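Architecture at a glance
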Amino acid sequence: MIEFPKPTVEQFFTSYNINNFTVSPDEKKILFSTNMNGKVNIWAMDAADTYPYLFAQKDENTNFIKFDPKNRYVLAGYDHDGDENYQIYATGPEGGVPKPLITGESDEKYFFAKLSQDGNKIYYMTSKGNESFLNTEVYDIETGEKKTLHEGERGPTYLVDVSNDEKHTAHLQLLANTYILGFIKTSSGFEYITPDPDKVHTVSGLTFIKDDEVWFATDYESEYSYLAKYNLTDKAFSKVMDFGYESVTEVQFNRDANMLYVTTEKGVVDKLYYYDLNHDQSDEIILPFASIKQLSTVKSGDLYVLGGSATEPFNIWRYSHEKWNTLTKNRVLGVTSDDMVEPETIRFKSYDNLEIEALLFRAKDENSNGFTIFWPHGGPQAAERKSYRAMFQMFLNRGYNIFCPNFRGSTGYGSSFVKLVEQDWGHGPRLDNVEAIKWLYNNGISSPEKLFLVGGSYGGYMALLLHGRHPEYFKAVVDIFGVSNLFTFYDSVPDHWKPIMERWIGDPQKDKERFQKDSPITYLDTMSKPMLVIQGAKDPRVVKEESDQIVEKLRGSGREIDYLVLDDEGHGFSKKQNEIKVYKTMLEFLEKHQ
Ligand SMILES: CC(=O)N[C@@H](C)C(=O)N[C@@H](C)C(=O)O
């Protein structure tokens, strides 16, 4: 019998990211954005042979891809080295080098919203002239003329749908992550679609079912988002259907089939349902994966989904005639799901009896090195879910367990739970993390000598804060683009985040004491453990200054801090070479400090 060696850690570097995709109107071509050749580009697959080929090369991240319904062009939004200043480019139907179409100064944003039915008009939002609230404009591809449709106010305002007769537009107005209003603009003004816009609630997934009716997800007067509708003629809001303890996250309408597809989230997994408007009937569509990144419905009635699981990289799947098929084969070289680690979902009670859910990945016995990585997730109004992270499976292969608590403020556990982090970044959520660590100790999974702390973004903030306030719990710390100072973070976020900052974090003047208490930089003296800081130089969310200041101050007081800056990355590592550099640096750092 031939014996084959165990998978090496390098093998886990071979899967790639699929960020988004689109299906051509005739369903013969799929385009997807991926770092398959090292940098992010658009690749195509023709349904007939499905062999992927490079379609459009710009070596930059994309935030959407869209086919002209008449197949004259393909649109995509590109930023520059992760700066998130997305602008709209076009290629011909056969691809090529993208040409600027709706672009401006390098610091301006042009976010695609919608194409008209005939493909002659492009609706989009721009920061030009309205950095904080954004304006909605429409571009005529025949004349090249641009027209302002709506000037955003109070919060960043996004066009999400246009009625079939193009008389009405549906918009979202973001006042906080937990306070998002929906409104419809008509020839005579605009109307909010939920009964009381002064009540804090969210609206998402707005879609016109008829020219005078939108359906959407909302948590208006509810803990969990449900499916609702608003009729312009009757001025009537009503609940269509709720999904119990699941929150509706997305609503997609297939006009040809008169069918709605609804995704929901519950804790660490997603679910999918159809709602047949002809028969007023709904049922679950069982998924072969745990989480959905993108969902698209096409004329034939088929569904296309970018789906993944903790042990399966994201792939594009098609659901046709009640069967799922994967169209892409994004996988780890020579490694199947069975060679990877599926997490256990555990629950524990926090300091005030609040129940917290967490994912526990246990390294396989044959790999285990006895160490655990404690991972507070980013967001913070997000969650660690059953979706693929190459970094996790790589660490597990090297023998580390990983523990990820969905502390208060995480999504997927109801509207009240997600609000618990607002204006409390550093107390309640920190104590949940402390209880999570105690749970690891009490259950014999880890100890202060065997625990590493690693986190990115808000997770990096939490890693820094836990390091400063509870250094005795950890052996060493990795901070990936974490917020180090709430005062400077407040001032440096992108302009269109500024309207939501007060409800999210607080006010630097009114809450000065709390900002000080909850800023990791206040606890420099007790940050005594070895630390690695990783930062993208173009990060627009948590800017490099957040990492620079903590590194400089700690180094200034004689501490040895490893600092890795990626010059051509933003809030994440999209280029394969950079991703490998980050993983290798982290592995070496943890090995050195075992
Ligand atoms: C405004 C907002 O909630 N942004 C988040 C998606 C975000 O980017 N947060 C950062 C701080 C993170 O933790 O990822």
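The name an unreviewed UniProt entry gives the protein chain is Acyl-peptide hydrolase, with Salinicoccus sesuvii as the organism. Quoted verbatim from the Function (unreviewed entry) field of the UniProt record, the comment on the protein chain reads "This enzyme catalyzes the hydrolysis of the N-terminal peptide bond of an N-acetylated peptide to generate an N-acetylated amino acid and a peptide with a free N-terminus. It preferentially cleaves off Ac-Ala, Ac-Met and Ac-Ser. Also, involved in the degradation of oxidized and glycated proteins."

**Considerations on the UniProt feature "domain: Peptidase S9 prolyl oligopeptidase catalytic" (unreviewed entry) in the protein chain**
The sites that carry the UniProt feature "domain: Peptidase S9 prolyl oligopeptidase catalytic" (unreviewed entry) are, in the present numbering, residues 387–593. The span residues 387–593 carries 42% helix and 14% strand; its end-to-end C-alpha distance comes to 28 Å.

**Section: the sheet that holds strand β29 (residues 344–349)**
Pairing in this open sheet of 8 strands is mixed, and the strands run β29-β30-β32-β31-β33-β34-β35-β36 from one edge to the other. The sheet is open, and its two edges are formed by β29 and β36 (561–566), each paired on a single side. Neighbour-to-neighbour, the strand axes of this sheet turn through a mean angle of 20°, independent of strand direction. Note: strand β34 (residues 476–480) against strand β35 (residues 531–536), 4 bridges, orientation parallel. Each residue of the ladder has a partner; that of I480, found in β35, is I534.

**Points about the environment of K6**
The topology assignment puts K6 in the segment before β1 (18–23). For the pair K6 and W375, spaced 369 residues apart in sequence, the C-alpha to C-alpha distance is 26 Å. Setting aside residues up to four positions removed in sequence, K6 forms contacts with Q11, E366 and N367. A polar contact of 3.5 Å, which involves the side chain of K6, links it to the backbone oxygen of E366.

**A word on the pattern of salt bridges**
Counted under the stated rule, the structure contains 28 salt bridges. Linking E246 and K271 is a salt bridge whose minimum nitrogen-to-oxygen distance equals 3.5 Å. Placement of E246 in the loop between β20 (236–241) and β21 (247–254) and of K271 in strand β23 (residues 269–276) is noted, with a sequence separation of 25 residues between them. The exposure class assigned to E246 is buried, which follows from its relative accessible area of 9%. The exposure class of K271 is partly exposed, given its relative accessible area of 27%. Salt-bridge contacts for D511 lead to R514; the nearest nitrogen and oxygen are separated by 3.4 Å. Residues joined in a network through salt bridges with shared partners are D81, K538 and K575.

Quick notes on the rules
Residues numbered from 1 in each chain as written. Predicted model: local features only at pLDDT ≥ 70, side-chain atom pairs only at ≥ 80, totals over all residues. Heavy atoms only, no water. UniProt positions renumbered as here; feature names shortened; annotations may be inferred. Helix = DSSP H or I, 4+ residues; strand = E, 2+ residues; numbered from the N terminus. Pairing = 2+ DSSP bridges. Axes fitted to C-alpha atoms, helices over the stretch in contact; angles between N-to-C directions. Contact = heavy atoms within 4.5 Å. Polar contact = N/O pair within 3.5 Å; in protein donor to acceptor, adjacent residues only side chain to side chain. Salt bridge = Lys/Arg side-chain N within 4 Å of Asp/Glu carboxyl O. Buried < 20%, exposed > 50% of the residue type's maximum accessible area, 1.4 Å probe, protein only.

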